[in-house]
Amino acid sequence: MNTTPRRTFLPAGLRAPGRWAVLPAAVLAGAVLGGGYGALKTPQYAATSYVIVVPAEKSDPAAALGFAQAYGRVATDIAVTGDAQVWAGVTAHTLRESVQAATSPDAPMISITAKAEKPAKAVSMADGVARALVLNSTHVAGSTGVKVVQFSRATKPVAPVSPSAPLSALVGGCAGGLLGGLALLVRPKRAAARGEARHSRQSALSGTTPSAAVPAPAAAAHQPEAV
């Protein structure tokens with residue numbers, strides 16, 4: 001009885017021990033690059049200010065929700081055309097790039113979030129945009145029937161919102177491991193394809209064809225002699 005264990009045949013590229021060194025090297029390289037990026041990148045702080053849209057006297061309360069959606073879409077434009085740049089001490093481009101406004105589908109409230117390299121700068125930008133919305137709504141309250149009021153001022157952030165160095169290293173290591181694994185899977189296929197192409201070219205250049213087998217002569221049938 002044959003008890004020889006069955007062997008699993010793997011591609012030559014995966015059987016080579018040196019191939020597997022690519023995976024830990026890729027993980028290490030990704031972790032180093034990610035950790036370095038997280039350590040060298042300037043941390044970003046975020047501050048959020050809230051405003052609410054309220055209807056004026058003899059106005060439809062349901063209109064406040066629609067105007068809240070409208071003010072949320074043009075919050076940065078109103079801030080740029082107003083005095084938010086002066087209050088925050090930044091340029092119009094910085095306001096558009098660093099400030100985001102979000103609305104709620106259930107309540108006429110607008111959250112204004114600003115990101116900056118310094119906590120105080122983020123607070124000044126968020127409150128500046130909120131103040132610009134309040135002043136703009138006051139000027140057009142006669143035609144809109146609603147006005148924006150300050151609901152909550154921004155608080156000074158105590159921790160950055162940007163990824164830390166350990167988290168960046170973890171993300172970089174995962175990305176490096178994924179790329180290294182893909183390289184191990186793709187490279188043997190390419191090597192096999194190149195080997196087959198090389199063998200085909202050598203066969204075409206040699207011009208050799210397999211010789212045809214010559215059939216053996218048939219044995220003569222034994223016939224009895226005539227008497």
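### Points about the overall build of the chain
Part 1 of the reasoning: Along the backbone of the chain there are nine helices and four strands.
Part 2 of the reasoning: Going from N to C terminus, the chain has its helices and strands arranged as α-α-β-α-α-α-α-β-β-α-α-β-α.
Part 3 of the reasoning: Relative to its full complement of 227 residues, the chain shows a buried share of 26%.
Part 4 of the reasoning: A separation of at least 24 residues holds for 77% of the contacts in the chain among residues at least 6 apart in sequence.
Part 5 of the reasoning: Carbon together with sulfur atoms contributes 62% to the accessible area of the chain, which is approximately 15600 Å² in total.

### Some points on the pattern of salt bridges
Part 1 of the reasoning: If you walk through the whole model with that rule in mind, you get two salt bridges.
Part 2 of the reasoning: The salt bridge partner of Arg96 is Asp77, with a shortest N-O separation of 4.0 Å. Of this pair, Arg96 sits in helix H6 (residues 92–98) while Asp77 sits in helix H4 (residues 75–81), and the two are 19 residues apart along the sequence.
Part 3 of the reasoning: You can call Asp77 partly exposed: its relative accessible area is 38%.
Part 4 of the reasoning: Measuring nitrogen to oxygen at the nearest pair gives 3.4 Å for the salt bridge that ties Asp127 to Arg153. Here Asp127 is found in helix H7 (residues 119–139), whereas its partner Arg153 is found in the loop between strand S4 (146–152) and helix H9 (165–206), with 26 residues between them in sequence.
Part 5 of the reasoning: Asp127 sits in the buried class, given a relative accessible area of 11%.

### Focus on the side chain of Asp127
Part 1 of the reasoning: Within the structure, the side chain of Asp127 is placed 3.4 Å from the side chain of Ser49, a separation counted as a polar contact.
Part 2 of the reasoning: A polar atom in the side chain of Asp127 sits 3.0 Å from the backbone nitrogen of Ala154.
Part 3 of the reasoning: For Asp127, the residues in contact, after removing those within four places along its chain, are Ser49, Arg153 and Ala154.

Each value, and the rule that gives it
Residues numbered from 1 in each chain as written. Predicted model: local features only at pLDDT ≥ 70, side-chain atom pairs only at ≥ 80, totals over all residues. Heavy atoms only, no water. Helix = DSSP H or I, 4+ residues; strand = E, 2+ residues; numbered from the N terminus. Buried < 20%, exposed > 50% of the residue type's maximum accessible area, 1.4 Å probe, protein only. Contact = heavy atoms within 4.5 Å. Areas by Shrake-Rupley, 256 points an atom, 1.4 Å probe, with all protein chains shown as cover. Salt bridge = Lys/Arg side-chain N within 4 Å of Asp/Glu carboxyl O. Polar contact = N/O pair within 3.5 Å; in protein donor to acceptor, adjacent residues only side chain to side chain.

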